[in-house]
Amino acid sequence: MQLDQVVPWGRSLAEYREMFDLSEDDKHRRILGCADGPASFNAELSFMGGSVVSVDPIYQFSADEIYQRVLAVFKQVMDEVEANKAQFNWDVIPNTDRLGEMRLAAMESFVADYRNAQPGRYVAASLPALPFDDNYFEIALCSHYLFLYSDKVDLATHVASVNELCRVAQEVRIYPLVDLNGQPSPHVQGVIDDQTAQGRKVKLLDSDYHFQKGADQLLVISQ
Ligand SMILES: C[S@@+](CC[C@H](N)C(=O)[O-])C[C@H]1O[C@@H](n2cnc3c(N)ncnc32)[C@H](O)[C@@H]1O
């Protein structure tokens with residue numbers, strides 16, 4: 001991975017809680033945040049005493065390198081959101097200025113935490129191969145990577161990635177189930193069929209997080 005091809009973008013603990021329907025009990029479980037990038041989920045929940053490990057290929061880079069990249073692409077990303085404003089619901093986040101403040105605050109919290117984090121809390125690795133023992137985590141969360149990039153990541157990689165998440169965690173939650181255009185991902189059914197054939201329990205739940213239009217559900221897979 002080359003840093004100049006990365007567009008870092010990160011969400012907060014409050015947003016993860018809504019996306020993944022996280023209960024108070026869930027927050028005390030051993031959690032893997034897969035593809036967490038510069039989200040502040042790990043920083044905020046760890047500060048509250050939670051047990052979170054984040055995995056992302058961008059963790060091969062230093063805090064300064066990631067922060068410089070955040071600043072370098074921030075305006076470009078905000079311009080893209082402005083140009084595609086109709087693809088989002090603006091009832092909770094009222095406008096692009098507020099969105100920008102929220103995203104920058106989350107990413108700056110991440111950078112501050114990442115800079116001084118204990119080894120092992122942020123792990124540089126990529127799906128579909130994770131460096132953890134079987135069932136090491138109670139829950140694995142994957143926000144805005146699987147299904148979202150369905151045009152670039154094929155079905156076979158989705159199936160292998162979800163199997164890998166199910167290997168390392170007792171329960172897997174994935175959000176959203178749509179692609180970047182808000183269209184249902186063509187890979188959701190293939191992943192569900194594969195998991196069902198292996199005897200795992202698969203549920204589609206309504207999510208409380210509705211920023212991207214069409215992104216109303218999460219996939220929950222358990223053993
Ligand atoms: C849009 S960001 C989402 C960040 C965070 N999960 C959130 O929702 O705020 C997508 C992330 O997926 C990561 N990613 C890309 N390829 C990956 C892979 N093969 N395995 C795990 N993460 C990957 C990127 O580095 C990036 O940080």
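Up top is the structure these notes are about.
Per-chain numbering applies: the sequence of each chain, read as written, is numbered from 1 onward. The predicted nature of this model means local features are confined to residues of pLDDT at least 70 and side-chain atom pairs, given and counted, to a pLDDT of 80 or more, with totals for whole chains, interfaces and linings taken over all residues. Processing note: side-chain calculations cover all non-hydrogen atoms of the structure and skip hydrogens and water entirely.

1. Here's the deal with the packing of aromatic side chains
Here comes step 1: In this scheme Phe, Tyr and Trp rings, the latter by its six-membered ring, pair at centre separations within 6.5 Å, and the angle between planes marks the pair as stacked below 30 degrees, edge-to-face above 60, and tilted otherwise. Applying the stated criterion across every chain yields a total of 17 aromatic pairs.
Here comes step 2: With 5.9 Å between their ring centres and 25° between their planes, Tyr59 and Phe110 make a pair best called stacked. In this pair, Tyr59 sits in the loop between strand 2 (51-55) and helix 3 (63-83) while Phe110 sits in helix 4 (residues 96-116), placing the two residues 51 residues apart along the sequence. In terms of burial, Tyr59 and Phe110 fall into one category: buried.
Here comes step 3: By the criterion adopted, a ring carries a charge over it if an Arg CZ or a Lys NZ lies within 6 Å of its centre and within 35 degrees of its normal. Directly above the ring of Trp90 sits Lys85, whose terminal nitrogen or CZ lies 5.8 Å from the centroid. Each helix corresponds to a stretch of at least 4 residues labelled H or I by DSSP, and each strand to a stretch of at least 2 residues labelled E; elements are numbered beginning at the N terminus. Each residue is placed in one exposure class: buried if its accessible area under a 1.4 Å probe, protein chains only, is under 20% of its type's maximum, exposed if it is over 50%, and partly exposed if it falls in between.

2. Quick word on the side chain of Arg121
Here comes step 1: Residue position: Arg121 is located in the loop between helix 4 and strand 3 (122-123).
Here comes step 2: Among the residues examined, Arg121 registers a relative accessible area of 17% and is labelled buried.
Here comes step 3: Here the side chain of Arg121 touches Asn42 through a polar contact of 2.8 Å, side chain to side chain.
Here comes step 4: Contacts were defined at the residue level, with two residues in contact if any of their heavy atoms lie within 4.5 Å. In this structure Arg121 touches Asn42, Ala43, Ser46, Val52, Val53, Ser54 and Asp113, once residues within four positions along its chain are discounted. By the criterion applied in these results, polar contacts are pairs of N or O atoms within 3.5 Å in which, for protein atoms, one can donate a hydrogen and the other can accept it, and in which residues neighboring in sequence qualify only through two side-chain atoms.

3. Here we look at the sheet that holds strand 4 (residues 137-143)
Consider a sheet: its strands pair through backbone hydrogen bonds, and that pairing is either parallel or antiparallel.
Here comes step 1: Within the open sheet, the 7 strands sit side by side as 3-2-1-4-5-7-6. Their pairing is mixed. Bordering the open sheet on either side are strand 3 and strand 6 (201-206), each of which pairs with just one other strand.
Here comes step 2: In short, DSSP must find at least two bridges between two strands for them to pair. Here strand 1 (residues 30-34) runs beside strand 4; their pairing, made up of 4 bridges, is parallel. Across the sheet, residue Gly33 finds its bridge partner in strand 4, namely Leu141.
Here comes step 3: Orientation is described by axes fitted as lines to C-alpha atoms, over the contacting stretch for helices, and by angles from 0 to 180 degrees between their N-to-C directions. Strands in contact with helix 1 (residues 13-20) are strand 4, strand 5 (169-175) and strand 7 (217-222); relative to strand 4, the strand with the most contacts, it is inclined by about 100°.

4. Topic: the nonpolar core
Here comes step 1: Buried residues of nine kinds, namely Ala, Val, Leu, Ile, Met, Phe, Trp, Tyr and Cys, make up a nonpolar core once their side-chain atoms join them within 4.5 Å. Of all hydrophobic cores here, the largest spans 43 residues; its most connected members are Phe20, Phe41 and Leu141.
Here comes step 2: Elements represented by at least two residues in this core include exactly helix 1, helix 2 (41-47), helix 3, helix 4, strand 4 and strand 7.
Here comes step 3: At 8 residues, helix 3 tops the list of elements feeding residues into this core.
Here comes step 4: Aside from chain neighbours lying at most four places away, what touches Leu141 is Tyr16, Phe20, Leu22, Ile31, Leu32, Gly33, Cys34, Phe41 and Arg173.

5. Here we look at the packing of helix 5 (residues 155-168) against helix 6 (residues 188-197)
Here comes step 1: The geometry of helix 5 relative to helix 6 is characterised by a closest axis approach of 9 Å and an angle of 45° between their N-to-C directions. Relative to helix 6, helix 5 is oriented oblique. Note that helix 5 runs across helix 6; the crossing there is right-handed. Along its contact with helix 5, which presents Leu155, His158, Val159, Val162, Asn163 and Cys166, the element helix 6 presents Gly190, Val191, Asp194 and Gln195.
Here comes step 2: Residues are grouped as follows: Ala, Val, Leu, Ile, Met, Phe, Trp, Tyr, Cys and Pro are nonpolar; Asp, Glu, Lys and Arg are charged; every other residue, Gly included, is polar. The residue makeup of the contact of helix 5 with helix 6, split by class, is 5 nonpolar, 4 polar and 1 charged. Working definition: roughly parallel below 35 degrees, roughly antiparallel above 145 degrees, roughly perpendicular at 65 to 115 degrees, and oblique for all remaining angles. Each crossing gets its hand from how the near helix is turned against the far one by less than a right angle, where anticlockwise is left-handed and clockwise is right-handed.

6. Brief notes about the site of the ligand
Here comes step 1: Around the ligand, the surrounding shell holds 18 residues, and the nearest of these are Arg11, Ala35, Asp56, Leu127 and Ser143.
Here comes step 2: With respect to the ligand, the backbone of Ala35 contributes an N or O atom lying 2.6 Å from a nitrogen atom.
Here comes step 3: The protein chains shown are the only cover counted for residues, whose accessible areas, like all others here, come from Shrake-Rupley with a 1.4 Å probe. Relative to its unbound accessible surface of 610 Å², the ligand loses 88% to contact with the protein.
Here comes step 4: Within the shell around the ligand, the residues separate by chemical class into 10 nonpolar, 5 polar and 3 charged. Only a single heavy atom is needed: when it lies within 4 Å of a molecule or strand, its residue is near that molecule or strand.

7. Concerning the pattern of salt bridges
Here comes step 1: By convention in these notes, a salt bridge is any Lys or Arg side-chain nitrogen within 4 Å of a carboxyl oxygen on Asp or Glu. Counted under the stated rule, the structure contains 12 salt bridges.
Here comes step 2: Lys75 serves as the salt-bridge partner of Asp79, at 2.8 Å between the closest nitrogen and oxygen. You can see Asp79 and its partner Lys75 sitting in helix 3, 4 residues apart, about one turn around the helix.
Here comes step 3: Judged by its relative accessible area of 39%, Asp79 falls in the partly exposed class.
Here comes step 4: Accessibility expressed as a relative area gives 58% for Lys75, which makes it exposed.
Here comes step 5: When the shortest N-O distance is used, the salt bridge between Glu171 and Arg173 registers 2.6 Å. For the pair Glu171 and Arg173, one class covers both residues: buried.
Here comes step 6: In this structure, a network of salt bridges that share partners links the residues Asp26, Arg29, Glu171 and Arg173.

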